[in-house]
Amino acid sequence: MSDNRRAAVPAGILVLVLLPLVLLPLGAVFVFAFRGGFPAFWNVVRSADAQFALRFSILIASATAVVNGVLGTFAAYVLAKYRFFGKRPLGVVVNLPVAIPTVVVGTSLLLLWGPIGWLGKVLDPLGFHPMFAPVGILLAHVFVTLPYMVGAVRPVLDELETTYEEAAYTIGASRWQTFRFVILPALRGGLLSGILLTFAHSLGEFGATVMVSGNLRLRTQTAPLYIFAQFEAGKIAEANAVAAVLAALSFVIFFFLLTYGVGGGAGRAGRR
Amino acid sequence: MPALAAGGAFLSECALPDSVLYPEVPLIVLLMKTSVSPRPRGRVVKPGVLRDRLRFWGPIVLGAALLLYAAWPWLPGTGVARPRTVVFYGFSILGEAMDGGVFPAFQKSWREKTGEKIEFVSSFGGSGTVTNQILLGVPAEIALLALEPDARRIASAGFARRDGWKALPHGGVVNRTPFVILVRPGNPKGIRGFADLARPGVRVVHPDPLTSGGANWAILAEFGAGERERAGGGREMLLGIWKNVVAQASSARAARTQFENGFGDALVTYEQEAVWDRSRKKLRSDVVYPASTILSEHTLVIVDRNVRPDRRALIEAFANFLWSDEAQRIFVRYGFRSVDDRWNRGQPQFGTIADPFSVADFGGWTRAKPEIIEKVWRDDVLPKAHR
């Protein structure tokens, strides 16, 4: 009771600040999405364009999560467990995508892999055009979300007591066995939250995608690009219907992140 | 810490799926360290097992369902054979007319003629944006652009035959539309023509000439209207209007959306926007027809480099279809003016323009682009307007 009373003022201020910043805009998305009633919303979501955009986004996000699940864990493992010259700069490079504007990521990918880019020029005669194709979008998303995976896994690795590993080595486990049976189980929490974060970010990625996708409906248009295209064309109901679906999907992802993370595991682990 | 106490036994035990051994181990720990130590195994049989199982399998089942939903159309055996596609890029305001009218009409006529079902894949944006995308390598096979100079850029980069569109009907021009001014209902600022946009206190929404074809036409319209009042009046007109420009959107359609969302007092745009909305009773602004204004001409380009030989016939059939009576009537229904005046009488929403002019009056785009857009607007008016 007294806790509640003490928290009333700061919590109230926080809600007041968050109201125009987060809650009202999010509410507006849903209000506009359902303004024409549920059938209108359903008709938009059911349309071929919206269905493609949503499915395509989920597939790209899953692929990104898988690729970065491996790549990010590997990067975190190397950075945490090995000592070598240039480790610090490499750590900076891995985290660089957080600092680079996503539009710049898009342009730089275009300038490398595009038909006028260095690599693109070589690949062009081979009939391989990564840009304006799903693989180009995947490249962009892997680039943009890599730091989230590394960021989720590396702190766990850093804090993992080396005694476990040493024990494994003393009983004759190889480096791979140690990783598979000692480190990986301990990493599970970080791994899963990293994958969920990567998935969520990839689902909503816009800046880099808009540069490399070509924005072709039924081909390379992701859900955020669909929303933007519809909104620019003045079709606010269409844009908001898909926006509401995306928002709901991210709620579900964060529900899992929070219930399985703070409420369940971390809370319990912290109490012990 | 009990972990590893069993030594080798621990390793062999862990070879079993962890979920079998420790179903209550929390799945996800938000950016948190987790302990390696396994929980005592006795707790497994206590009540709450079901809840724990649900906690473990719930997200997995949900994730798998989501993935299945997403991948469904691509799974073998679920989809029908993919039909051949035409990849079409168009300038911003074409969206409804193509998606809603022209594409379905061509699909029908092609199916009647050949029995083949084809699909359209399309993207719409500012004419300059679309052109830049094509130059960067998007797989566009055919593009309808707002500006002939954009077509020329595609040709000179080697993506299309030089002047290839001139061999098409009407010199490659598919349709036209004059430039008008949209104002707030009741025209509270009393705007009658381009000259009124230059008055102080009028806030003008204008698309960006760097990426929007419509914006280039609008500049010619403003310049031409000024010149027709008196020689040398064009530059003054542009300077006056551009001092009042409060927003530059990337395409004509994006500018329209800004205006519709309550921004500015006046919008310079295609008549098509107004006609199409008024014919559906959706227009929430008044249309002002300036006494003299330009009729834009929209050029079709076949992007030869992206057209595979086995699709050539399909693409050319579609190109020619755009000048068919059927397609031209569709364009008129959606508010464009046909290149064939016969069909224009069918649209009662078209306004009358006392003194229309065209880009040919400036010597064509080969002269208008460097002399008016670049020399007058970009190098002279723009730097002075925002001082």
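About the criteria used
Residues numbered from 1 in each chain as written. Chains lettered and ligands numbered in written order. Predicted model: local features only at pLDDT ≥ 70, side-chain atom pairs only at ≥ 80, totals over all residues. Helix = DSSP H or I, 4+ residues; strand = E, 2+ residues; numbered from the N terminus. Buried ≥ 20, exposed ≤ 12 C-beta atoms within 10 Å, placed from the backbone. Contact = placed C-beta atoms within 7 Å. Domains from an automatic or database assignment. Nonpolar A, V, L, I, M, F, W, Y, C, P; charged D, E, K, R; others polar. Core = buried A, V, L, I, M, F, W, Y, C linked by C-beta atoms within 7 Å. Axes fitted to C-alpha atoms, helices over the stretch in contact; angles between N-to-C directions. Parallel < 35°, antiparallel > 145°, perpendicular 65-115°, else oblique. Pairing = 2+ DSSP bridges. Left-handed = near helix turned anticlockwise from the far one by under 90°. pLDDT = per-residue confidence, 0-100.

Undergrad: Can you help me understand the overall build of chain B in this one?
TA: When its secondary structure is counted, chain B shows 15 helices and 11 strands. Looking at chain B residue by residue over its 387 residues, the buried ones come to 43%. For chain B, contacts bridging at least 24 residues in sequence account for 75% of all contacts bridging at least 6.

Undergrad: Can you help me understand the overall build of chain A in this one?
TA: When helices and strands are tallied, chain A shows 12 helices and 0 strands. When the elements of chain A are put in sequence order from the N terminus, they spell out α-α-α-α-α-α-α-α-α-α-α-α. Across its three principal axes, chain A shows a C-alpha extent of roughly 70 × 65 × 30 Å. Counted over contacts in chain A with a minimum sequence separation of 6, partners at least 24 positions apart contribute 76%.

Undergrad: Even after reading the chapter, I still don't get unusual backbone geometry, so can you show me in this structure?
TA: With the exception of glycine, the majority of residues adopt a negative phi angle, and the majority of peptide bonds are in the trans configuration. Residue Leu-218 of chain A is not a glycine yet carries a positive backbone phi of 65 degrees. Within the element layout of this structure, Leu-218 of chain A appears in the loop between α10 (207-212) and α11 (223-232). Here Lys-281 of chain B, not a glycine, exhibits a phi torsion of approximately 60 degrees, which is positive. The topology assignment puts Lys-281 of chain B in the loop between α11 (271-279) and β8 (286-288).

Undergrad: Please explain the environment of Val-121 of chain B as it appears in this structure.
TA: All names here are of chain B. Here Val-121 shows up in strand β2 (residues 118-125). The class of Val-121 is partly exposed, set by 19 C-beta atoms lying within 10 Å. Remark: the alpha-carbon pair of Val-121 and Leu-75, spanning 46 residues in sequence, is separated by 21 Å.

Undergrad: Would you mind going over the domain arrangement of chain A with me for this structure?
TA: How big an interface is tends to be expressed through the accessible area that disappears when the partners come together. All names here are of chain A. By the assigned domains, chain A splits into domain 1 (1-33) and domain 2 (47-271). Centre-to-centre separation of domain 1 and domain 2, based on C-alpha positions: 30 Å. Contact with domain 1, which involves 5 residues of that partner, is made by 7 residues of domain 2. Split by residue class, the side of domain 1 that touches domain 2 holds 5 nonpolar, no polar and no charged.

Undergrad: Please explain the nonpolar core as it appears in this structure.
TA: In this structure, Val-242 of chain A together with Ile-142, Ala-143, Leu-220, Val-301 and Val-303 of chain B are the most contacted members of the largest nonpolar core, which totals 160 residues. Of the residues forming this core, the biggest block, 14 residues, is contributed by helix α7 (residues 134-159) of chain A. Those residues in contact with Val-242 of chain A that sit more than four places away from it in its chain are Val-45, Ala-50, Ala-53, Leu-54, Ala-223, Tyr-226 and Ile-227 of chain A.

Undergrad: What is the right way to read the environment of Tyr-82 of chain A from this model?
TA: Residues and elements named next belong to chain A. Its place among the elements puts Tyr-82 in the loop between α3 (48-81) and α4 (87-99). Residue classification places Tyr-82 among the exposed positions, given that 8 C-beta atoms sit within 10 Å. Along the chain, Tyr-82 and Val-66 lie 16 residues apart, while their C-alpha atoms are 24 Å from each other.

Undergrad: What exactly am I supposed to notice about α11 of chain B here?
TA: One turn of the α-helix equals 3.6 residues, which is why residues spaced by three or four share an orientation. All names here are of chain B. Burial within α11 is extensive, with 7 of its 9 residues counted as buried. Every buried residue of α11 is listed here: Glu-271, Gln-272, Glu-273, Ala-274, Val-275, Trp-276 and Asp-277. Buried residues in α11 make contact with α4 (95-114), β4 (173-183), α10 (252-260), β7 (266-270) and β8. Once α11 finishes, Lys-281 follows within two positions and takes phi at roughly 60 degrees, a positive value.

Undergrad: Would you mind going over the packing of helix α5 (residues 127-136) of chain B against helix α6 (residues 148-156) of chain B with me for this structure?
TA: The geometry of a pair of packed helices is captured by two quantities: the angle between their axes and the separation between those axes. Residues and elements named next belong to chain B. Where α5 meets α6, the axes come as close as 10 Å, and the angle between the chain directions of the two elements is 5 degrees. Taken together, the axes of α5 and α6 lie roughly parallel to each other. On α6, the residues touching Ser-127, Gly-128, Thr-131, Ile-134 and Leu-135 of α5 are Asp-150, Arg-153 and Ile-154. Within the contact of α5 with α6, the residues separate by chemical class into 3 nonpolar, 3 polar and 2 charged.

Undergrad: What exactly am I supposed to notice about the pairing of strand β3 (residues 142-145) of chain B here?
TA: For a regular strand, side-chain orientation follows a simple rule: the groups alternate between the two sheet faces. Residue and element names in this part refer to chain B. Burial along β3 is two-sided: Ile-142 and Leu-144 and Ala-143 and Leu-145, pointing in opposite directions, are all buried. Note that strand β1 (residues 84-91) and β3 share 3 bridges and pair parallel. Note that in β3 the partner of Phe-88 across the bridge is Ile-142. As judged from the 4 bridges shared by β3 and strand β9 (residues 292-302), these two strands associate in the antiparallel manner. Residue pairing for β9: Leu-145 is matched across the bridge by Thr-299.

Undergrad: Would you mind showing me how to read the packing of helix α9 (residues 233-243) of chain B against helix α15 (residues 365-385) of chain B here?
TA: All names here are of chain B. Packing of α9 against α15 brings their axes to within 9 Å, and their N-to-C directions diverge by 45 degrees. In terms of orientation, α9 lies oblique with respect to α15. For the element pair α9 and α15, the recorded crossing hand is right-handed. Contacts between α9 and α15 pair Arg-235, Leu-238, Leu-239, Trp-242 and Lys-243 from the former with Val-376, Trp-377, Asp-380, Val-381, Leu-382, Lys-384 and Ala-385 from the latter.

Undergrad: Can you help me understand the confidence of the model for chain A in this one?
TA: Should pLDDT be low for a region, the predicted coordinates there are not to be read in detail. Model confidence for chain A is summarised by a mean pLDDT of 88, while 94% of its residues fall at 70 or above. Across residues 262-272 of chain A the pLDDT falls below 50, and counting only partners more than four positions away or on other chains, this stretch makes 18 contacts in the model.

Undergrad: Before we go on, may I ask you to explain the confidence of the model for chain B in this structure?
TA: All names here are of chain B. Summing up the model confidence of chain B, the mean pLDDT is 85 and the portion of residues at 70 or higher is 87%. Helix α1 (residues 8-14) is the least confidently modelled element of chain B, averaging 37 in pLDDT, while β3 averages 96, the highest of any element. Considering only residues more than four positions removed or in separate chains, one finds that residues 1-38, a stretch of pLDDT under 50, has 83 contacts. What the predictor reports for the complex is a pTM of 0.79 with an ipTM of 0.79.

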